[in-house]
Amino acid sequence: MAIAEGAVKKSLMKQLELQQKKDEFYVDLVNDYMHYWKLKKMLQKDINDKGVKYKTMNGNGIEVEKTNDSIMLLQKTTVTMLKILSDLNLKEPMQVSSDEDDYL
């Protein structure tokens, strides 16, 4: 099931709120993360559409098989996204405990 962009951003913003991180700097990093999130989805679609390798014409008009550059770009994008999450200290979702949870 696909995760909606709004749900991802809302989750990240909620985690920041729970950490008392309300400065514009943090919001900007979340927006950067969301930019990379959208880029990741586009790269995944390209890989699904074209495959790992695809055929194209080279400059001499000869059909050649080429590795899809989206694979390498997806790896770099994912690393950048993980770095942003690390910088925001959002590696794992934060749990909110209620008074009832404390008694269990």
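By convention here, each chain's residues receive numbers from 1 onward along its written sequence. In view of the model being predicted, local features appear only for residues whose pLDDT reaches at least 70, and side-chain atom pairs are presented and counted only at 80 or more, with totals across whole chains, interfaces and linings using the full set of residues. Each side-chain value is worked out from all heavy atoms of the structure, with water and hydrogens disregarded.

## Quick look at the overall build of the chain
- Counting from the N terminus, the helices are DSSP H or I runs at least four residues long and the strands are E runs at least two residues long. When its secondary structure is counted, the chain shows four helices and two strands.
- Ordered by position in the sequence, the α and β elements of the chain form the string α-α-β-β-α-α.
- Residue contacts are defined here by distance: any two heavy atoms, one from each residue, within 4.5 Å place the two residues in contact. Contacts in the chain between residues at least 24 apart in sequence constitute 58% of all its contacts with a sequence separation of at least 6.

## So, the pairing of strand β2 (residues 63-67)
- As paired strands, strand β1 (residues 53-57) and β2 are joined by five bridges and run antiparallel to one another. For K55, the partnering residue across the bridge sits in β2 and is E65.
- Taking the residues that link successive antiparallel strands as the turn, the β1-β2 hairpin has five residues, and the phi of G61 there is positive, at about 80 degrees. Strands are labelled as partners when DSSP assigns at least two bridges between them.

## Section: a negative patch on the surface
- The patches reported here contain residues having more than 30% relative accessible area and no salt bridge. Joining distances are 9 Å for like charges and 5 Å for nonpolar side chains (Val, Leu, Ile, Met, Phe, Trp, Tyr). The Shrake-Rupley method, run with a 1.4 Å probe sphere, supplies the accessible areas, and residue values consider only the shown protein chains as cover. For this analysis, a salt bridge means a side-chain nitrogen from Lys or Arg found within 4 Å of a carboxyl oxygen belonging to Asp or Glu. By the counting rule applied here, Lys and Arg register as positive and Asp and Glu as negative, while His and the ends of each chain are not counted. A charged residue contributes its charge at one atom only: NZ of Lys, CZ of Arg, CG of Asp or CD of Glu. On the surface, D23, E24, D28 and D32 cluster together into a patch of negative charge.
- One can find D23 in the loop between α1 (5-18) and α2 (24-50).
- Only protein chains enter the calculation, and the probe is 1.4 Å; a residue is then buried if its accessible area is under 20% of its type maximum, exposed if over 50%, and partly exposed in between. Judged by its relative accessible area of 52%, D23 is exposed.

## A short note on the nonpolar core
- In these notes, a set of buried Ala, Val, Leu, Ile, Met, Phe, Trp, Tyr and Cys residues joined through side-chain atoms within 4.5 Å is what counts as a nonpolar core. Counting residues in each nonpolar core, the largest one holds 13 residues, and the members touching the most others are L12, Y33, M34 and L88.
- Breaking this core down by element, the ones donating at least two residues are α1, α2 and α3 (69-87).
- With five residues, α2 is the largest single contributor of residues to this core.
- The residues contacting L12, other than those within four sequence positions of it, are V30, Y33, M34, L85 and L90.

## Some points on the packing of aromatic side chains
- Only centres within 6.5 Å qualify two rings of Phe, Tyr or Trp (six-membered ring in Trp) as a pair; their planes then separate them into stacked at under 30 degrees, edge-to-face at over 60, and tilted for everything else. Inspection of every chain in the model, using the stated rule, returns one aromatic pair.
- For the pair F25 and Y26, a centre-to-centre distance of 5.3 Å together with 75 degrees between the ring planes defines the contact as edge-to-face.
- The side chain of K50 reaches across the aromatic face of Y54, ending 4.6 Å from its centre. Whether a charge sits over a ring comes down to the Lys NZ or Arg CZ being within 6 Å of the ring centre and within 35 degrees of the ring normal.

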